[in-house]
Amino acid sequence: AGLLLRLLGRASRWPRMARLFPLFCCLAAFAAPAAALRLGAPLMRTCDASRRKAAGRHLRQLAELQALPAAEACEAAQATLANMRAEGLPLNVDAVSRAISLCGCELPVAESLFESLVAAGNDSEGAYSCLLRAQLGSGDLDRALVTFRRMLQRGIAPRGRNASPVLHALCAAGRQVDAMRFSGRLVRHGLVLSQEDHAALLLLHGSRASPRQLRRQLDRLLREHSTPGAETAAAIEAAVAAVGGSAAATRVAVGHDGRCPCCGGGLQLLTLPEEQREQVRSVLLSRAHQRLGSRGSDRLRRFSRWLEGQPAFDFVVDGPNVGYANQNFEGGRFSFAQVAEVVSMLQRAGKRVLLILPAKYARDVVPNHTSSSQPDDRITAADRALLDGWRSEGLLYTTGPGMYDDWYWMLATVGRGDSQPVAVTNDAMRDHWADLLPARDFARWRASKVVPFSFGAAASAPRDAAAPPTHAVADPPIADPPPAHEAPSLRACVGSPPPY
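1. Brief notes about the state of the cysteines
Here's step 1: In this structure the tally under the stated criterion is one disulfide.
Here's step 2: What pairs with Cys-74 in a disulfide is Cys-103, and their sulfur atoms sit 2.4 Å apart. Residues Cys-74 and Cys-103 share a disulfide whose torsion about the S-S bond is about 100 degrees; that sign makes it right-handed. In this pair, Cys-74 sits in helix 4 (residues 70–86) while Cys-103 sits in the loop between helix 5 (93–102) and helix 6 (107–119), placing the two residues 29 residues apart along the sequence. Of the two residues examined, Cys-74 and Cys-103, each falls in the buried class.

And the structure:
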């Protein structure tokens, strides 16, 4: 404004300045609001901070009301919401949801509060969970089912905190058909039932004397949770006992032959179905393509075709992992002797073996990836004889440069047809399972298709590879004995996969 006044005074003296006056007016029109915004921004920030502080204070007050009796807590919660409205605070979803939880003893009040959120378009999953708990707490199971269907119709996915209370209430009420339909709906929406959910359904089927439904529920439980906890095991025993008749549940230690010592039945080894094996193959090919382009994926496809054209292998040996075992010391090196001992032990047991080695370990000078100060080593005549022997027997496959050898033995374990050998490795595979398989399926694959190994002095008691393993295949590898270089000769111990 001051600038415009000065310009008006000068315009009367300079005609040229008068012609520029409209331009200065436009500039002033744009500058004035911007200046006002700059001045108002600190005031707006101060106001928002004050509102957030006030809302936080009211939320803390609502949290403290949980210690009061139900009726007093509900009344105080309504008073807190009224205070928030009186202070001009916007509708806070968290505050209303907490008030709904506090008003479980007065269901009409809780439902009225929920409807206020719906009217404002703020009916979140948390608000539905609070209303469901209020309805179940008042004993109105049918109304809770209506609310749950309404939540699904709004496109809100079910979660454990809103679905499990309803499912457990149905089981406790003995509503078997409704509980089965409800659990089926949860599964169709992609929710994995917890062990507690399965246990509630098992007890329901047991109390209703439904052995067929009990058996089906047990199958579902073990597909989703292969190792039930102690409480789930107790629920299984109680459910089977409730069914009565010839059914019985007894805790036993399954032998290495996969036979139950109680009934003599054989257990089925849970492996990956073909669609999951195809998923693993696809991910491995994708990783090779990301690393080396089409050259990498073509190399893996070539190996897969080669594998399909060979007689089925029983074991595939992770050569680098075996050769570097116990060698992390000054003077350590890649040990062809260790690889030879593992291969020979399996062959003595009548097993057909495939050995995977990177191409750089089939040369005259091989790298040294131990803690030794020697960066590489020249192989001995004995090492060369071993390599030539493996080649002549047709059991050695060398991977191309730039390729991870782990991809090859992993691909072999999920091969097409009958050739799906078991991998011999102590690799913990921490870097492999991400995006390869879901954690549960990865654990199943590892338990059925990967076995550890260890080395001991030849003077120790020999162990036949065809005999039962000394440890479970899913257990961590056996503790390493003294470094292999201290023993004049070695004896390999390889865990066998379950034969069932």
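2. Quick word on the nonpolar core
Generally speaking, nonpolar side chains in soluble globular proteins are found buried as a group.
Here's step 1: Counting 49 residues, the largest nonpolar core has Ile-100, Leu-113, Phe-148 and Phe-182 as its most contacted members.
Here's step 2: The leading source of residues in this core is helix 7 (residues 125–137), at seven residues.
Here's step 3: Leaving out residues up to four positions away in the same chain, Phe-148 has contacts with Leu-132, Pro-158, Asn-162, Ala-163, Phe-182 and Leu-186.

3. So, helix 4
Here's step 1: The end-to-end C-alpha separation of helix 4 is 24 Å, in line with the 24 Å expected for 17 residues at 1.5 Å each.
Here's step 2: Among all positions in helix 4, only Ala-73, Cys-74, Ala-77, Thr-80, Leu-81 and Met-84 are buried. The arc that holds every buried residue of helix 4, seen down its axis, measures 120 degrees, which confines them to one face. Exposed positions of helix 4 whose direction lies more than 90 degrees from the buried face are Glu-75 and Ala-86.
Here's step 3: Gly-88 sits one or two positions beyond helix 4 and adopts a positive phi of about 80 degrees.

4. Considering the packing of aromatic side chains
Here's step 1: One pass over the structure, following the stated rule, counts 15 aromatic pairs.
Here's step 2: Both rings, one in Phe-334 and one in Phe-336, keep their centres 4.9 Å apart while their planes meet at 80 degrees; by these two values the pair is edge-to-face. With respect to class, Phe-334 is no different from Phe-336; both count as buried.
Here's step 3: Both rings, one in Phe-453 and one in Phe-455, keep their centres 5.6 Å apart while their planes meet at 65 degrees; by these two values the pair is edge-to-face. Of the two residues, Phe-453 and Phe-455, both sit in the buried class.
Here's step 4: Within the aromatic cluster, the residues linked to one another by ring pairs are Phe-303, Trp-306, Phe-313, Tyr-397 and Tyr-408.
Here's step 5: Directly above the ring of Tyr-404 sits Arg-291, whose terminal nitrogen or CZ lies 4.4 Å from the centroid.
Here's step 6: For the cation-ring pair, Arg-352 lies above Phe-313, with the distance from its terminal atom to the ring centre recorded as 4.2 Å.

5. Looking at empty space enclosed by the protein
Here's step 1: By the definition in use, this model includes one cavity of 30 Å³ or more.
Here's step 2: The calculated volume of the largest cavity comes to roughly 30 Å³.
Here's step 3: Forming the boundary of the largest cavity are Ser-304, Leu-307, Glu-308, Leu-411, Gly-415, Arg-416 and Ser-419.
Here's step 4: Ranked by residues supplied to the lining of the largest cavity, first place goes to helix 15 (residues 294–308) with three residues.
Here's step 5: Counted by class, the lining of the largest cavity contains two nonpolar, three polar and two charged residues.

6. A word on the sheet that holds strand 7 (residues 450–451)
Here's step 1: Taken in spatial order, the five strands line up as 5-2-1-6-7 in an open sheet, and their pairing is parallel. Every interior strand has two partners, whereas the edge strands, strand 5 (396–399) and strand 7, have only one.
Here's step 2: Across three bridges, the pairing between strand 1 (residues 315–318) and strand 6 (residues 422–424) is parallel. Following the sheet pairing, Phe-315 is matched in strand 6 by Val-422.
Here's step 3: Helix-sheet contacts for helix 19 (residues 405–413) involve strand 1, strand 2 (353–358), strand 5, strand 6 and strand 7, and the interaxial angle to strand 1 is about 165 degrees.

7. Some remarks on the side chain of Gln-195
Here's step 1: Tracing the sequence through the fold places Gln-195 in helix 11 (residues 195–207).
Here's step 2: Take Gln-195: its relative accessible area is 18%, and that puts it in the buried class.
Here's step 3: A polar side-chain atom of Gln-195 sits 2.8 Å from the main-chain amide nitrogen of Gly-229.
Here's step 4: Those residues in contact with Gln-195 that sit more than four places away from it in its chain are His-225, Thr-227, Pro-228, Gly-229 and Thr-232.

8. Here we look at the side chain of Asp-123
Here's step 1: Counting through the fold element by element, Asp-123 comes out in the loop between helix 6 and helix 7.
Here's step 2: At a separation of 3.3 Å, a polar atom in the side chain of Asp-123 contacts the side chain of Tyr-128.
Here's step 3: At a separation of 2.8 Å, a polar atom in the side chain of Asp-123 contacts the side chain of Arg-154.
Here's step 4: Not counting residues up to four positions away in its chain, the partners in contact with Asp-123 are Phe-114, Leu-117, Val-118, Tyr-128, Arg-154 and Ile-156.

What counts as what
- Residues numbered from 1 in each chain as written.
- Predicted model: local features only at pLDDT ≥ 70, side-chain atom pairs only at ≥ 80, totals over all residues.
- Heavy atoms only, no water.
- Disulfide = S-S within 2.5 Å.
- Helix = DSSP H or I, 4+ residues; strand = E, 2+ residues; numbered from the N terminus.
- Buried < 20%, exposed > 50% of the residue type's maximum accessible area, 1.4 Å probe, protein only.
- Core = buried A, V, L, I, M, F, W, Y, C linked by side-chain atoms within 4.5 Å.
- Contact = heavy atoms within 4.5 Å.
- Expected span 1.5 Å × (residues − 1).
- Arc of directions from axis to C-beta.
- Phe/Tyr/Trp six-rings, centres within 6.5 Å; stacked < 30°, edge-to-face > 60°.
- Lys NZ or Arg CZ within 6 Å of the ring centre and 35° of its normal.
- 1 Å grid on protein atoms, 1.4 Å probe; cavity = no way out; pocket = protein on both sides within 12 Å on 5 of 7 lines; lining within 4 Å.
- Points joined across faces, edges and corners; volume = space filled by probe spheres on them.
- Nonpolar A, V, L, I, M, F, W, Y, C, P; charged D, E, K, R; others polar.
- Pairing = 2+ DSSP bridges.
- Axes fitted to C-alpha atoms, helices over the stretch in contact; angles between N-to-C directions.
- Polar contact = N/O pair within 3.5 Å; in protein donor to acceptor, adjacent residues only side chain to side chain.

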